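Each chain, written out:
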Amino acid sequence: MGIELDINPIKKWLPQINNPLLIAGPCSLESEEQALETAKKLAKDPRVFIFRGGVWKPRTRPGSFEGVGSVGLEWLQKVKKETGLPVGTEVANAQHTEEALKAGLDVLWVGARSTASPFVVQEIADVLKGTDAVVMVKNPVNPDVQLWMGALERINQAGIKSLVAIHRGFTPFRETKYRNYPNWKTFIELRRLLPNLPVICDPSHIAGHRDFLQEISQKAFDMGMEGLMLESHRDPSCALSDKDQQVTPKELAKILDKLVIRYSSSPNKQFENQLELLRSRIDALDAELMEVLSSRVEIVKQIGQYKKENNVTALQINRWTELMNKRIDAGEKMNLNKTFVQILFQLIHEDSVRMQTEIMDKE
Ligand code: PEP
Ligand code: MN
């Protein structure tokens, strides 16, 4: 079951919002001019609601550009003054958090590496206590929904109600097309556990390359996320961090133009009626599916009993291999996804063996 955390809807802390929440800005702030020029271009687009800029940069390896540090907070203040856009940056320890709050930043976010450490999250939460800060929490680098949820809860327990989760993908365990594996099921699980928590997607850090931003952004809306955080730099080719995944404000606008925004429901009555009809057919088919599974269980148990009486093992590996191959073949002819059929029958078979060994072990 999900838990209802006491969370403010986005509109409460960003009343001007009339579209999905879009946060844009460079990966890192590099100079006052770079910050201001990029921000002024982004501010012309009414779809951009918040300006982002990394000041303290958590780099995987030492020696690369680690951010301009505290001086960047002054540039963010200037961006806010000159463009009117709310501004935000990443905080990774208590001192960052104190400085960012003192500088009056509108949004703070906890990065993926920090979310993975409950000590770091707690130290940030302790500083946030008693403030009305807006805080966003990126997923941890590993696809552990409990760790992500734990970080959100720590900050919520410090009294922060203006809370948003950011899905930025997970460290891949093998070579993939994207820099970070999106593993959408972790987002689905977070939504199930914390249904009233707004979640936005960070396609830049999932993609690792600008060529994939469009498809990932669309997928985020298809899944029902509430917004996007996209990295945008006045000249990505000169960016000091994450240059391959950044786009100019112009390119960003083109991506946004092509996006189809989806909502959790539709005002179209006919659509709602049709959906209800189709869903009732799914319900009926699921009921049939359960009947079939239950009949299968009865036969599995009978076989278990015969095997027991004849001292034959529950697991019959040849039969299992043959069955699996036949089911995959049949599935392919019926346009069923091969992996789906494989996983489904693995589960069914695992449970059959469990039932049969139980029968055998019963006195
Ligand atoms: C960033 O937003 O620039 C960043 C460092 O992201 P993440 O924490 O997702 O790696
Ligand atoms: Mn970045």
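Up top is the structure.
The structure displayed is predicted, hence computed values, not measured ones. (Residues numbered from 1 in each chain as written. Chains lettered and ligands numbered in written order. Predicted model: local features only at pLDDT ≥ 70, side-chain atom pairs only at ≥ 80, totals over all residues. Heavy atoms only, no water.)

1. Considerations on the sheet that holds strand β1 (residues 21–25)
The strand order around the closed barrel built from 8 strands is β1-β2-β3-β4-β5-β6-β7-β8, with neighbouring strands paired in parallel fashion. The average undirected angle you get between the axes of adjacent strands in this sheet is 30 degrees. When β1 meets strand β8 (residues 227–231), the two strands line up parallel, connected through 5 bridges. For L22, the partnering residue across the bridge sits in β8 and is L228. Lying over the sheet, helix α3 (residues 71–83) contacts β2 (50–52) and β3 (87–91), oriented at roughly 160 degrees with respect to β3. (Pairing = 2+ DSSP bridges. Helix = DSSP H or I, 4+ residues; strand = E, 2+ residues; numbered from the N terminus. Axes fitted to C-alpha atoms, helices over the stretch in contact; angles between N-to-C directions. Contact = heavy atoms within 4.5 Å.)

2. With respect to helix α7 (residues 145–157)
The first and last C-alpha atoms of α7 sit 18 Å apart over 13 residues, in line with the 18 Å expected at 1.5 Å per residue. Buried within α7 are the following residues: V145, W148, M149, A151, L152, I155 and N156. Projection of α7 onto a plane perpendicular to its axis shows the buried side chains occupying an angular sector of 155 degrees, all on one side. Those residues of α7 that are exposed and aimed more than 90 degrees away from the buried face are Q146 and Q157. Its buried side turned inward, α7 meets β4 (107–110), α5 (112–115), α6 (118–128), β5 (134–138), β6 (162–167) and α8 (184–193). Its side-chain oxygen 3.0 Å from the backbone nitrogen of Q146, D144 forms the N-cap of α7. One or two steps after α7, the chain reaches G159, where phi turns positive at roughly 95 degrees. (Expected span 1.5 Å × (residues − 1). Buried < 20%, exposed > 50% of the residue type's maximum accessible area, 1.4 Å probe, protein only. Arc of directions from axis to C-beta. Polar contact = N/O pair within 3.5 Å; in protein donor to acceptor, adjacent residues only side chain to side chain.)

3. A closer look at the layout of surface pockets
By volume, the largest pocket amounts to about 400 Å³. Taken together, 14 residues line the largest pocket, and the ones lying closest to its centre are L289, L336, L344, F345 and I348. Where the lining of the largest pocket is concerned, the elements lending two or more residues are α12 (269–309), α13 (317–333) and α14 (338–361). Of the residues contributing to the lining of the largest pocket, the split by class is 11 nonpolar, 1 polar and 2 charged. (1 Å grid on protein atoms, 1.4 Å probe; cavity = no way out; pocket = protein on both sides within 12 Å on 5 of 7 lines; lining within 4 Å. Points joined across faces, edges and corners; volume = space filled by probe spheres on them. Nonpolar A, V, L, I, M, F, W, Y, C, P; charged D, E, K, R; others polar.)

4. With respect to the pairing of β3
Within a regular strand, the side chains alternate between the two sheet faces. Of all 5 residues making up β3, 5 are buried, and the element is well covered by its neighbours. Here β3 shows two buried faces, one formed by V87, T89 and V91 and the other by G88 and E90. As paired elements, β2 and β3 share 2 bridges and run parallel to each other. Residue R52 lies in a different strand from β3, and its bridge partner there is G88. Chirality of the crossover, the property in question, places the unit of β2, α3 and β3 among those that are right-handed. Handedness of the crossover is the feature at issue here: the chain leaves β3, passes through helix α4 (residues 94–102), returns alongside β4, and the resulting connection is right-handed. (Right-handed = clockwise from strand over helix to strand, strands pointing away.)

5. Regarding the pattern of salt bridges
Throughout the structure, instances matching the rule amount to 19 salt bridges. E231 is the salt-bridge partner of R52, the closest N and O atoms lying 3.4 Å from each other. Residue R52 is found in strand β2, and its partner E231 is found in strand β8; the two are separated by 179 residues along the sequence. In terms of burial, R52 and E231 fall into one category: buried. Of the charged contacts in the structure, one is a salt bridge between D222 and R262, with a shortest N-O distance of 2.7 Å. Separated by 40 residues along the polypeptide, D222 in helix α10 (residues 213–222) and R262 in the loop between α11 (249–258) and α12 bring together distant segments of the chain. Classification of D222 as partly exposed rests on a relative accessible area of 42%. (Salt bridge = Lys/Arg side-chain N within 4 Å of Asp/Glu carboxyl O.)

6. Some remarks on the coordination of the manganese ion (ligand 2)
For the manganese ion (ligand 2), the protein coordination sphere consists of C27 (SG), H205 (NE2), E231 (OE) and D242 (OD), at 2.1 to 2.4 Å. When the donor residues of the manganese ion (ligand 2) are listed from N- to C-terminus, their spacing reads C-x177-H-x25-E-x10-D. Highlighted residues: C27 in the loop between β1 and α2 (32–43) and H205 in helix α9 (residues 203–207), separated in sequence by 178 residues. As far as the burial class goes, C27 and H205 line up, both buried. (Donors = N, O, S within 2.8 Å, 3.2 Å for Na, K, Ca; no water.)

7. Structural notes on unusual backbone geometry
In the Ramachandran plot, N311 falls in the positive-phi region, its phi being about 55 degrees despite a non-glycine side chain. Looking at the element boundaries, N311 is found in the loop between α12 and α13. Residue class for N311 comes out exposed when judged on its relative accessible area of 74%.

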